[in-house]
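Descriptive structure summary
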Amino acid sequence: MATHRDAQFPSTPYIEPAPAPIGQPKVEEVGATSAPLKSAAFFIGQQCQEVNEDFMLCKNESRDPAHCLKEGRRVTRCAQDLIKKLGENCGKQWEEHWQCLEKNNQELYMCRKPERSLNQCVFEKLKLVKNIPGSPEGQPQIHEKKNPVWSGVQR
Amino acid sequence: MPVPFEAIIPMGLVVVMFGVTGTGFSLAKRMTNEGKPARHSLDDWERMMMNRDERLTGTPRGQSMNPTAPKEFATNSAWQTEKLA
């Protein structure tokens, strides 16, 4: 039988004091925040597809954090690579798109115009095409549709 | 028949009152969100990403395009915990 005890919430949150284990190669974490990442998501998905699939299959074998450290480092490095290239080549269009996303609750359908110019720039400079996996076959993809049902005031 | 201008007065009053409260609410929300509209309909993924954004940039709605995280990111992950016994 459980007796009631008062919950105690300490005023300072818990921060793990142990440092990272030695003997692992050191890789910096990805520094991009949510809006730029969402903007670049399909390009990261295309560029880093093999390393991402490796990581997901590895995680499928075992959810122990120590099991997939190597694949995880590869994923981090691939994403950082692409973010750096995007910043150098298409930085202005990328920034416009994620600023638009930030003003619209990060909903992609509201920001198709900056997205079009970003996709054009990335196709020219980095040879990456945004492709939504699982999109129905015969029709144009939702970001290429001429008159979408859900959209903002200006297309 | 002449235009009933007296009826326009309360209509104008209601429009002005709605406008003032709506603008005031929107401004209040934008002040807490660094000039951006408030986020809504957040699920767990979005909440965790926003938490990560705050850890990366220091402010709740800050964004950054850096490929690598700042040094503080490695150690500023805080867990809300409860003390037992």
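Note on numbering: residues in each chain are counted from 1, in written sequence order. Chain letters start at A and ligand numbers start at 1, both assigned in the order the entries are written. Per-residue local features of the predicted model are confined to residues with pLDDT of at least 70, and side-chain atom pairs are confined, for both listing and counting, to 80 or more; whole-chain, interface and lining totals are unaffected and use all residues. Hydrogens and water molecules were not included; the side-chain quantities draw on all heavy atoms of the structure.

What follows is about the packing of helix α4 (residues 69-103) of chain A against helix α5 (residues 112-126) of chain A. Residue and element names in this part refer to chain A. Structural elements are reduced to axes, namely lines fitted to C-alpha atoms, with helices fitted over the stretch in contact, and the angle between N-to-C directions of any two is expressed from 0 to 180 degrees. A run of H or I in DSSP becomes a helix once it reaches four residues, and a run of E becomes a strand once it reaches two; helices and strands are each numbered from the N terminus. It is the contact of α4 with α5, at a shortest axis distance of 9 Å, that shows an interaxial angle of 170 degrees. Overall, the two elements α4 and α5 adopt an arrangement that is roughly antiparallel. Seen from α4, the contacting residues are Lys-85, Leu-86, Asn-89, Cys-90, Gln-93, Trp-94, Glu-96, His-97 and Cys-100; seen from α5, they are Pro-114, Glu-115, Ser-117, Leu-118, Cys-121, Val-122, Lys-125 and Leu-126. Taken together, the residues of the contact of α4 with α5 sort by class into nine nonpolar, four polar and four charged. Put simply, angles under 35 degrees are roughly parallel, angles over 145 are roughly antiparallel, angles from 65 to 115 are roughly perpendicular, and the rest are oblique. Throughout, a contact is declared for two residues whenever any of their heavy atoms are within 4.5 Å. Gly falls in the polar group here, along with every residue not listed as nonpolar (Ala, Val, Leu, Ile, Met, Phe, Trp, Tyr, Cys, Pro) or charged (Asp, Glu, Lys, Arg).

Residues and elements named next belong to chain A. As used here, the term nonpolar core means buried Ala, Val, Leu, Ile, Met, Phe, Trp, Tyr and Cys residues forming a set that is joined through side-chain atoms within 4.5 Å. We call a residue buried when its accessible area falls under 20% of the maximum for its residue type, exposed when it is over 50%, and partly exposed in between, using a 1.4 Å probe and counting protein chains only. In this structure, Leu-86, Trp-94 and Val-122 are the most contacted members of the largest nonpolar core, which totals 23 residues. Looking at this core, the elements that each hand over two or more residues are α1 (34-39), α2 (41-47), α4 and α5. For this core, the element with the highest residue contribution is α4, accounting for eight residues. If we skip the residues at most four places from it in the chain, Leu-86 touches Ala-40, Gly-91, Trp-94, Val-122 and Leu-126.

Residue and element names in this part refer to chain B. A surface patch of nonpolar side chains, amounting to about 650 Å² of accessible area, comprises Val-3, Phe-5, Ile-8, Ile-9, Leu-13 and Met-17. Inspection of the secondary structure puts Phe-5 in helix α1 (residues 5-32). Given the relative accessible area of 54%, Phe-5 is considered exposed. Grouping into patches uses exposed residues only, defined as over 30% relative accessible area, and leaves out salt-bridged ones; the cut-off is 9 Å for like charges and 5 Å for nonpolar side chains (Val, Leu, Ile, Met, Phe, Trp, Tyr). Methods summary: accessible areas were calculated by the Shrake-Rupley approach with a probe of 1.4 Å, and residue burial reflects only the protein chains presented. Within this document, salt bridges are pairs made up of a side-chain nitrogen of Lys or Arg and a carboxyl oxygen of Asp or Glu, the two lying within 4 Å of each other.

This part covers the pattern of salt bridges. In the structure shown here, the tally under the stated rule is six salt bridges over all chains. We note a salt bridge from Glu-102 of chain A to Lys-36 of chain B, for which the minimum N-O separation is 2.8 Å. You can see Glu-102 of chain A sitting in helix α4 and its partner Lys-36 of chain B sitting in the loop between α1 and α2 (44-57), one on each of two chains. Here the two residues Glu-102 of chain A and Lys-36 of chain B agree in accessibility, since each one is buried. Lys-130 of chain A is paired through a salt bridge with Glu-115 of chain A; the nearest N and O atoms lie 2.7 Å apart. Note that Lys-130 of chain A is positioned in the segment after α5 and Glu-115 of chain A in helix α5, a separation of 15 residues in sequence. Counted as one network, the salt bridges with shared partners bring together Glu-102 of chain A together with Lys-36 and Arg-61 of chain B.

This part covers the confidence of the model for chain A. Averaged over all residues, the pLDDT of chain A equals 90, while 98% of them reach at least 70. Averaged over each element, pLDDT in chain A is lowest for strand β1 (residues 14-15) of chain A (82) and highest for helix α3 (residues 49-61) of chain A (96). Across the chain, each position has a pLDDT score giving the predictor's confidence in that residue, from 0 to 100.

Quick look at the environment of Gly-35 of chain B now. All names here are of chain B. In this fold, Gly-35 is placed in the loop between α1 and α2. Relative accessible area serves as the criterion here: at 47%, Gly-35 is assigned to the partly exposed category. Each C-alpha atom of the pair Gly-35 and Pro-2 lies 47 Å from the other, and the pair is 33 residues apart in sequence.

By definition, a disulfide links two cysteine residues through a covalent bond between their sulfur atoms. All names here are of chain A. The rule for a disulfide is simple: a pair of cysteine sulfur atoms within 2.5 Å. A full pass over the atoms with the stated rule returns four disulfides over all chains. Between Cys-48 and Cys-78 runs a disulfide, and the two sulfur atoms are separated by 1.9 Å. The S-S bond linking Cys-48 to Cys-78 shows a torsion near -95 degrees; that makes this disulfide left-handed. Pair noted here: Cys-48 is in the loop between α2 and α3 and Cys-78 is in helix α4, with a separation of 30 residues, a long-range link. Cys-78 matches Cys-48 in its accessibility class, with the two residues each being buried. Bridging Cys-100 to Cys-111, the disulfide has an S-S length of 2.1 Å. Because the sign of the S-S torsion sets the handedness, a value of about -95 degrees for the bond joining Cys-100 and Cys-111 places this disulfide among the left-handed ones. Of this pair, Cys-100 sits in helix α4 while Cys-111 sits in the loop between α4 and α5, placing them eleven residues apart in sequence. For the pair shown, Cys-100 and Cys-111 are each scored as buried. Taken in sequence order, the bonded cysteines of chain A link in the pattern 1-4, 2-3, 5-8, 6-7.

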